[in-house]
Each structure stands twice: as structure tokens, then as C-alpha cells.
Number of protein chains: 4
Amino acid sequence: MKTIGVLTSGGDAPGMNAAVRAVVRSAILKGIKVIGIRRGYNGLINNDTSRMYLRSVSDIIHRGGTILYTARSPEFKTEEGMQKAVNVCHELGIEGIVVIGGDGSYRGALDLSKRGIPCVGLPGTIDNDIACTDYTIGFDTAMNTAMEMVDRLRDTAQSHERCTVVEVMGRRAGFLALHTGIAVGATAILVPEVPFDLEKDVINKMYETLKSGKKHFIIVVAEGVGHVDEMAREIEKITGIESRATVLGHVQRGGSPTVRDRVIASQMGHRAVELLSSGVGNRVVAYKSDKIVDYDINEALAMKKPFEYELYKVAHEISI
Amino acid sequence: MKTIGVLTSGGDAPGMNAAVRAVVRSAILKGIKVIGIRRGYNGLINNDTSRMYLRSVSDIIHRGGTILYTARSPEFKTEEGMQKAVNVCHELGIEGIVVIGGDGSYRGALDLSKRGIPCVGLPGTIDNDIACTDYTIGFDTAMNTAMEMVDRLRDTAQSHERCTVVEVMGRRAGFLALHTGIAVGATAILVPEVPFDLEKDVINKMYETLKSGKKHFIIVVAEGVGHVDEMAREIEKITGIESRATVLGHVQRGGSPTVRDRVIASQMGHRAVELLSSGVGNRVVAYKSDKIVDYDINEALAMKKPFEYELYKVAHEISI
Amino acid sequence: MKTIGVLTSGGDAPGMNAAVRAVVRSAILKGIKVIGIRRGYNGLINNDTSRMYLRSVSDIIHRGGTILYTARSPEFKTEEGMQKAVNVCHELGIEGIVVIGGDGSYRGALDLSKRGIPCVGLPGTIDNDIACTDYTIGFDTAMNTAMEMVDRLRDTAQSHERCTVVEVMGRRAGFLALHTGIAVGATAILVPEVPFDLEKDVINKMYETLKSGKKHFIIVVAEGVGHVDEMAREIEKITGIESRATVLGHVQRGGSPTVRDRVIASQMGHRAVELLSSGVGNRVVAYKSDKIVDYDINEALAMKKPFEYELYKVAHEISI
Amino acid sequence: MKTIGVLTSGGDAPGMNAAVRAVVRSAILKGIKVIGIRRGYNGLINNDTSRMYLRSVSDIIHRGGTILYTARSPEFKTEEGMQKAVNVCHELGIEGIVVIGGDGSYRGALDLSKRGIPCVGLPGTIDNDIACTDYTIGFDTAMNTAMEMVDRLRDTAQSHERCTVVEVMGRRAGFLALHTGIAVGATAILVPEVPFDLEKDVINKMYETLKSGKKHFIIVVAEGVGHVDEMAREIEKITGIESRATVLGHVQRGGSPTVRDRVIASQMGHRAVELLSSGVGNRVVAYKSDKIVDYDINEALAMKKPFEYELYKVAHEISI
């Protein structure tokens, strides 16, 4: 393999830059030329690309976001768009591509692989909702950002003896809510994976801890679960405890990545180049039981990721 | 003066603990006994108080919120509530009170002063909206918290080439929005003090900077100005640039105070005790032209605070 | 088991409070009384203890350090000290103890277990140098603290085009240096596990990257390796590149714990109580392949922990 | 004036980029061309320069360090070097220069002004040791960085009940030590401006607070005062309290600037262009009593800056 491309796709996640850097450096070290593809698959369709050198990725490991930009690409899902992309690859001599993004972007990687451009996917999303991997690039930073924000909410909730209902990201998955919730000592954590009853799972828990003298409460709610404003109103109506809602929102997407995100992203980027350079494509790199592994994309897309029910139980028990 | 009380009232603000600490320590050093009054004026009405010692305020200077708790007190505004409060003061031998809070709490301080309990007010609110002072305890921390959050939003706005519309606190005043807006390099800053036209003041500025190559935009909006969700939709509709709204909310209220908040709060607490201990009450401590000063409460409440139009103009000029 | 004790021993580490909290809450939930033992084993010898309730551990999960204090206890290593400790246990009805600390404190746990007080050890040290576990409480926070400090050093190194030589903690182990070094994109990482030659492993790497245009350099050195001042002087002498040394020092020990430290500490504390409450002692809780497990203390102390040579190699390859 | 230059000189300071950005944007808005001069006065001597546009300063306001690099320039102090610099100015059509740096760099600005290149100096140094101004760009960020590090030291000092002796920057001035010391609640603060006696000013204060129950101590020492390792040993020897020294070092120089640094730097940069564009040179911009002002460079260099003795006294009184 003489030339590879690298792109970021879907929602951005802190650590994507560390992955891009590792891809570029590892490839150049193996004598492979690297083309940076901008704005996801759109960059491939429109030849929005440029050659990357060792120093193109200097001083980016600590930056949030992605220097390659990212975007969704409806055109890429059409036969015509796909063909344009393949043509650009041939034109530029791109013989393999590293795709960093969510599992939506893996389908594109699969399609390109089928058309003779071997692709390797890296899991990049703050939601940790990719089935084949225990860990996705960006998850650790997003959790810590959410936690720091809720730690601030705690100060004011405590001073006013209020209940604070916080929405954290996670439309389809409660991992971010669960870990953040444990970390902030939330009285209740609501996730899409576990059905809940406001009275039983929130209000009653509040009453229980009230008995032991607690007077302020943090309720962490995953985005996918419901409307925090309504929840706060409902809680206030039933308990008489002043309640406020906060939606942490896109702030969770940004910021300088944590050590964990930088290190795992670096390892994954390095592995992706190892795979491509030995002619292996149609794979996704994953993190399983503290090890970097890789799977066939089809296999990866067929996997199911169980929710951490055991951890959820622990969370419930120690938040009294 | 043998005994003084100290309370925090209204919305909590980072640095209130530093002020409480300075009050307690300065008073004890002068041989004055200190009573901590909990939950604002309510604590005075209900005798929810306790003696404070040198070590009662150990290791609190770096904590957000207020260890004395805070609350609004509708009862205190009634003749009956006020009388109860005065009685508790007499009972506990409280001969003067330091009140840390917004200008709402100054009225209570004024009323108590009139009834023979000299009070000194300290400006504590993240909004910096107290007329008599250039600076209120909590303002610097809130600005930096808001700035750090918008810096994170910038990462994702930049990666996706979006417009991010951010609501920062400030129902009545645009100070927080103005300083945060300059600090994050916002394309437009909307404050309650300056009327605006979305087309002229936001959209056209975006178009102008678009010409020079900028593709992501930060619009900072003070709470008092309007609805950021609608604004984002409107901007997207007109410009075609993907736009997202974020409400930073109560996160801005909490967190460990900055150096500036800790230092000025310490100075103000120290000054309050100097005033009370020399028999002077019915004053507010303020920060004017980099100096700690004090005013008669009536005078202070009658003051008007001009908006920083000059700074607003600079902000506009350099955000192109 | 009706009553258990909990203590922290050895160097403090962020997350210890989260572990204490989980121990207290999990035990009380099982109907077990908890005694907090202060200042490590000294507290056991001198009966420096107090009963802990649900609310004794409120609002500590986000605090660095340990609310139980910590200390070394030479007296505990004597037969007499040990006997005093056992007597205090009998006196207070303590039937089991959770010991949070480094592997030094496991020996005490082993000795107490032998004398009929079953103990469970939890790994708490920022160095991650406990053989039986992939992860120790405090490691993630310390890495992130070190990283943030080096990110700041980068700014000034870059502006002045200097070489910055940074000592991070880790007398016996290079884990902290390795992960921090990767995260900051260090040109070279020196750890006690890998012998090095300054000329070959540092200077030559600097020259190599100089060729591609890099003009500032970060060298991360584990405490156990050598003197960073001398190293900086040597580098400057040989290369002519201005070089500065910084010892990050004890700052790395403190600070609010990260999500990872809070969550794993919570899980470990919960597990410790599960073990003790089912009558099992003489165990250490560990983290292996992303799972909470436990080992016999003797076994744990006999284990060897391999250095992450693979990761070290990756670090080397992508830092060009 | 058709073309101006901008350079940063001396030690870098957070906020320099915000100042550069304001200079570039304000000038372009007035129709003035801007040349960025790299590596301080060296860049002028060697014509190490490039044209700056609106977008050259995009997304730098939040970055530490200086995108223009900085360096000392012994050559510039020679007649020959100075002449080269003047020639380069003529060559490039540079009719005025904004110099951002410490008062060392003002002398160069003075010399250039004398030779017909009007210069305006902006105070940029973390030490706040420039006589004519209450505030220097970088001071607020450096204080907050130092404070956050000492807050971390506090955790471990408290857990181990130790004394921590911390050296903060400030060779010639104690401003950083004073403000940081107050903010962290230091038991003693040692600055070059106030002679001290270890026994009387440190040890005795420790004994005093010991009596009230305090068991851990923070001593903040300005760089210019003496050797913290020796001090820690001495304190431990006399008091028997375990003592540790930490030198915060260059970490204090870096990091994303605070709101205050970004805003004041922006205002100062804007003012510098206003001066130059109206033909006024040989000035320094300063911050006096919360206002942006400017002085003749000669006058500015002749000023004396009094130490904040009043604040030092307050610090002493409330740290008991």
C-alpha cells in the first residue's frame, strides 16, 4: 500500500485529532503517503483533500474537535455519490482509508471496502454506543466534562437545598448518564435501557435520603429518556422541594481530550495503519477487556452491546 | 460591639465562602464573637444559627456555594417577620450583621439598620448588576465558567462549521454576556442594554466574516434578551448555516472561585468588620476604580450603573 | 459481621473518598455498622476512630485527598503495635477492615487477617504500581493532572522554541510517565523499566524531528529515572536548544478525582463490603481486563506486573 | 499610517494572542496593513515576518503562548542590530510597531521611536511587575494556574497533615505570591518587598493556628525570596511537622487565558492601534483604576510601583 486516506465522520468527539495524528505518523513511518480527507465522506466525493506530513499533525493531540472537519453526507449514500468517491480514490491513488466516527460511518466503510477500497473504522463518539467496543474515543472526555458541570450544579443545589435535574447526552444509550451519575453521587440515574417510574425510582429515593438528613438532590437523566423541565416541575409539585432543570447539551462534545482518550485514540490509529499496511481492510478497531482488537465490519455491526446492569445496581445502592 | 452575625442571601455566588471566612476571622481577631445565620434572613427569623470559630471557616475559601446556605425570605418582608428577626438578634446579643447578597438583600439590611441592628452589605451575585460597585463577588468565576463552556462549544461548532447560539446568565444586565462574548471571540453579543436587530446585528455580521473565510460562528446572548432556540432556528433559516442553541444555565452559578473572587471577597469581608467594629452600619461595601470603598445603603440603592458601551464597541470592532 | 472498620494508608490518592463512601454506604445498606479509622493503622493503635453514618460521607465523592487522613505507622510493624490494634478492634467490635492504600498497607492487612481480623485491601495509589491490578485508584486523576500541567508547559516551550524536561511521579514504575508522555506527544519518555541512553534515545530523536520542522520538545521523565535539571543542562549543552526542567511534584497527588477514579473506587468499595459481609477476608480487590475481581493477599503480593512495552513502542513510533 | 508591525518580546504570557488579534483586527478595520514580526526584535533584524489578515488571528484568543513566538535579542541592543531593524522597517514600509512584552522590551520600543519608527508598548508579563500599570497581560491566568495547583497541594497536605511550602513565580515582585497566597488561604506569604524572619513570620504563625486546631499549612513564597527546599527542611526541623517543598515553575506561564486576560488584552491591543493610527508613538498602554490609559515610554519607565502593603496586611489578618 502506497497511499492511504483518513477522514472523520458523524458527530465530532474529543480524541479524534489524536487518532488522526497516530494514523498520519504511523503511516509515514512505514513509508506510506497520507491524504487528509475533509468533511467526512463529502471530502471524498468532492476531492476536498490534502497531503498530510509529519508536521501537519503537530500540536493537535490536545485539541478538541477534528482538524479534518466532519459532516454527514447524504450524497454518499446514493450510488452516484459512492461512485464519485471511488473515482476520487483512484485519481489520488488512495488504496485504503481510515474512517473515524460512529457506527453510521462504518456502513460507508463497508461499502467502500466492497468496491475495492479497503477501509478500517475507528470508534469515535462521545456516547460509547458502538456495540463491538467497550470504549469509544471521546467518551472519557465527555463524561468528565459532564461531571465537572454537575459538580458545579451541586454547589448551587446544595446552597439552595434544591433538586437539580440534569440531562446528559445519550439518545440511544445510557453509558454517559450512568458513569456521570455515579461520579456525581446522583440520587437517581435514568437511562433509556431501564424503564422507570418517577414516583418509585426518583421521588421515593429522595424521601428515603431526606430521612437521613440530605436536603439537596442530583438526578441525572440521559437525553433519550425524556424532558427534564417537565420532570423538575413534577418533582417539585410532588415533593415541594424546589427543582431546577439543566440541559448540558453540546458543551459535552468539546474540550481538550483526557489522557485516556488521547492514549486509546493513539493506539487505535496505530493499529488501523498496521491493518491497512498489511493489506487487511473491512475491519473495525475496538477496545475489549483493556486490549486493542479488531473485527470484521459486518460482524461488528451485528453485535449487541449489553447495558452495564451490574454497575447500575451498585450506583443505586451507594447513592442513599 | 461584642457580637455580630453573618448571613448570605439571594442567589448563591462563588466567593461567598471567602467573604464569610474573612468576616469570621477579622471579627475574632478584634475580639468580636461571630454568629453564623443560616438560610438568609429566614435563619434570623427562626434562630437557625450557630457560633462560628476560627476553624469553622477552615478550608472553605476554595469552595463554591455558601456554607451558610441561602434562601429568599418572603416572611422577612412582613412586619411580623422583621420583628421576630429583631427579637432573635436581641436574644443572641447580635449587635451588627454582615449581609452578603444581591441588592434585594440590601433592603433587608436597610430595614434592620433602621431598627437598631446596624448592617453592612457585601455585593454577592454572578450578574455584576449592583449599581454601586464595579464588581460583585462571583462575577469573575461565572464569566470564566461560561467562557470555558463556550470554548468547548467552539470545538464542535468549528468541526461541524456551525453557528452556536449560547445563552449566558444575566436577566437584567449584559455584563456577563459582554465579557464572556469578547473572551470567546463571539461574532455577535446581544445584551438587554442595547436594542438589536437580528438581520442587521447578527446575520449581516456573519455574512461579513464569511467573506474573509470564517465558517463557524459563536453568538452570545444574555438571558434577558430572548429565546436562543428561536434565534438559532431563525439564523439557520436565513443563512442556511446549521445552527444550534445552548443554555448554559445554573452551571454558571457554581464552582471553585477564581483568585479575583477570593481576593476581593476577602477584602470586602475584612472591610465590613472594620465598619461594624467602629460602630458604623447601614453601609454597603463596594469596589470602585480598583479600590474597596463603602456607601450609605440608601445612596447605594439610588445609584445607576451605566453599561460598558465603550467596551461593547471594541467587542464589535475586533470580532470580524 | 456486625461491625467493620475502614482506613486509608500510605500516600493519599484522589478517589480514596469515593471508596470510603462506597464502603460506608454498602455496609450500612447490609445492616453493618461502620467505624472510620483515622490516620491509617495509627488510628487503630490509638483508637482514633468514629462511627460513620450515611451522611458522614455526603459530598465527599468529588473531593481529593482522604477524609480519614493517612499516615505511615512504624509502630504498627512492631509486635506491640499490632497487638494494640487487635485489642482496639476487639474493644470496638470491629470484625473486619477495609484497607485502602498501596501494597505496603496490604502487609498490615495480611497480618491483621492472620490474627483473626479479616481484611480486604483496595489499591489506592497514583503510581499504578500494584502488581495484581491493571488500575489503582488515583492513577487516572494523577495522569490527567500531569497532562494538563504539561499542556501548559507546551505553550511556553512552543513560544520560546525550547525543550522542556518534565519529571512526573513514579519512583518505581513508569506507568504515569508513559501514559502522560503519550498524551502530551512527548518526543521522548524515560521510565525506570527501560534503560536509556540520553544521546540515542533523546538527543537523536530531537534531531530527527528537528529535520521535519519541529522546534520545541517535551521530554517526560519518571521520578525514578534521574535528575531532570542535569538532563536539561546536558540536552542544552549538546543540542544548543534552550532547555528547562520542571518537577511536577506533589501537585499530582491532589485534585478532584476523574470519573474513572470515582467510578472504579465506588465499585471496589462495594465489592470489599460484599466480601467481608460474606465472611471472606485476606483479599485484595483488583481491576483486571475491565472487571472488578479479587485475590488472596499473599497471591497478590507475589504477582509481578509487566511494563506496557507494546504501548511504549507505539509511543515511540508516533512521536516523530 | 499605512502599515504597522506587531511583535511579542520577552517571556511569553497568556493573553498575548488576544492582544495580537486585537491589533490585527483593529488595524485592518482602519485600512492599515499589518505585518507579524516573529521571535521578538530578532524577527525585525532578520526580516522574519509575514503579512497578517483577519483570519490569521482566527481561533487564537483562547490559546496560551504567542503565535508570533518570542525571544530575547542581544543583537538588537547593538547599534548594528538596531540599524538592521530600522532598515527592515523601511524595506517593508512599517511605519509603526506594537510591542507586547515586559518593560525590558519597552527600551527597544523607545529606541525605535527615536529613530523614526513610532512604537506603542503593551504590558505582557505574568509577574505584574511593570510600574506604570496596575495590571499586566497574563497576570490573572498565572495567578489562577498557581492557585489551582496549590488547591491540589492542599488536598495532600491536609490528608497527611503536612506543611507545604510552594514557590510561585516573581523574581522581582511579590504580586503573584500575594494574590495566590490570599486565594489559597496561606498561613504565611513571603515576598521580596517585605523582609521576613522565618521564626517570627512563619513558625510562630503556624504555632498560633495549631492552637486553634489547624494541622496542615500552606506557605507561599515568591521566587525572589529564597530556596523553598531549605525552608521546608528548616520548618520541619523546628516544628516537627512534616514539610514538603514544591516549585510550580514554568507551568504558571502557559494555559488558556482567563476572561480578564483576554478582555484587557483586547482592549489594550485596540488602544495601541488607535494611538498609532493617529500618529502617536513612543507610548505604553496601561491599566489604571479600571481604565485603559497610555503614557509616554520615558515617563512609564521612570515610574515606581508600590507594593500592596494594605492587602498584605489583610492577608496576614485573615489567615489565622
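In this report, the structure presented in the accompanying data block is examined. None of the values given here were measured: they were computed from a predicted structure.

## Some points on the interface of chain C and chain A
Counting residues at the interface gives 47 residues for chain C, matched by 47 residues for chain A. Both faces considered, chain C and chain A share a buried interface measuring about 4,200 Å² in area, 57% of it formed by carbon and sulfur atoms. Summed over the shared surface of chain C and chain A, the number is four salt bridges. Note that Asp59(C) and Arg154(A) form a salt bridge whose closest N and O atoms lie 3.0 Å from each other. Seen at the junction of chain C and chain A, the total is 22 residue pairs in polar contact (both at pLDDT 80 or more).

## Some words on the pairing of strand E5 (residues 119-123) of chain A
Put simply, side chains in a regular strand alternate between the two faces of the sheet. Residue and element names in this part refer to chain A. In terms of residue burial, E5 counts as a mostly covered element, since five of its five residues are buried. Side-chain alternation along E5 places Cys119, Gly121 and Pro123 on one buried face and Val120 and Leu122 on a second face that is also buried. Pairing between strand E4 (residues 97-101) and E5: five bridges, direction parallel. Within E5, the position partnered with Val99 by the bridge is Gly121. A crossover connection joins E4 to the parallel E5 through helix H4 (residues 103-114); in handedness this β-α-β unit is right-handed. Where E5 meets strand E10 (residues 283-288), two bridges bridge the pair, whose relative direction is parallel. Among the inter-strand pairings, Gly121 is bridged to a residue of E10, identified as Val284.

## Examining the pattern of salt bridges
In total, this model carries 77 salt bridges over all chains according to the counting rule given. In this structure, Lys84(B) engages Glu75(B) in a salt bridge whose closest nitrogen and oxygen atoms are separated by 3.0 Å. With its nearest N and O atoms 3.1 Å apart, the salt bridge here joins Glu223(B) to Arg171(B). Of this pair, Glu223(B) sits in the loop between strand E8 (217-222) and helix H8 (228-239) while Arg171(B) sits in the loop between strand E6 (163-168) and helix H6 (175-183), and the two are 52 residues apart along the sequence. The exposure class of Glu223(B) is partly exposed, given its relative accessible area of 21%. What makes Arg171(B) exposed here is its relative accessible area of 61%. Connected through salt bridges with shared partners, the residues Arg38(A), Arg39(A), Asp48(A) and Glu161(B) form a single ionic network.

## As for the pairing of strand E1 (residues 3-8) of chain B
Residues and elements named next belong to chain B. Burial analysis of E1 places six of its six residues in the buried class, which makes it a mostly covered element. Burial of E1 is two-sided: the residues Thr3, Gly5 and Leu7 facing one way and the residues Ile4, Val6 and Thr8 facing the other way are all buried. Two strands pair when backbone bridges link them, and E1 and strand E2 (residues 33-37) are joined in this way by four bridges, in the parallel orientation. Bridge assignment links Thr3 to a residue of E2, and that residue is Lys33. A crossover links E1 with its parallel partner E2, the connecting element being helix H1 (residues 16-29), and its sense is right-handed. Where E1 meets strand E4 (residues 97-101), four bridges bridge the pair, whose relative direction is parallel. Its bridge partner being in E4, Leu7 is matched across the sheet by Val99.

## What about the interface of chain D and chain C?
How big an interface is tends to be reported as the loss of accessible area on association of its parts. Contacts between the two partners involve 34 residues from chain D, matched on the other side by 34 residues from chain C. Both sides together, the interface formed by chain D and chain C hides about 2,500 Å², and carbon and sulfur atoms give 50% of it. Together, Arg152(D), Ser159(D) and His250(D) form the three largest contributors to the area buried by chain D at its contact with chain C, with a combined 25%. Where Arg72(C) meets Glu242(D), a salt bridge forms, and the shortest distance between an N and an O atom there is 4.0 Å. Viewed at the interface, chain C and chain D are joined by 16 residue pairs in polar contact (both at pLDDT 80 or more). Listed by contribution, the elements that provide at least two residues to the side of chain D that touches chain C are helix H5 (139-160) and strand E9 (243-247) of chain D. With 10 residues, the single largest contributor to the side of chain D that touches chain C is H5(D). By residue class, the composition of the side of chain D that touches chain C is six nonpolar, 16 polar and 12 charged.

Definitions and cut-offs
Residues numbered from 1 in each chain as written. Chains lettered and ligands numbered in written order. Predicted model: local features only at pLDDT ≥ 70, side-chain atom pairs only at ≥ 80, totals over all residues. Heavy atoms only, no water. Contact = heavy atoms within 4.5 Å. Buried area = accessible area lost by both parts, 1.4 Å probe. Salt bridge = Lys/Arg side-chain N within 4 Å of Asp/Glu carboxyl O. Polar contact = N/O pair within 3.5 Å; in protein donor to acceptor, adjacent residues only side chain to side chain. Buried < 20%, exposed > 50% of the residue type's maximum accessible area, 1.4 Å probe, protein only. Helix = DSSP H or I, 4+ residues; strand = E, 2+ residues; numbered from the N terminus. Pairing = 2+ DSSP bridges. Right-handed = clockwise from strand over helix to strand, strands pointing away. Nonpolar A, V, L, I, M, F, W, Y, C, P; charged D, E, K, R; others polar.

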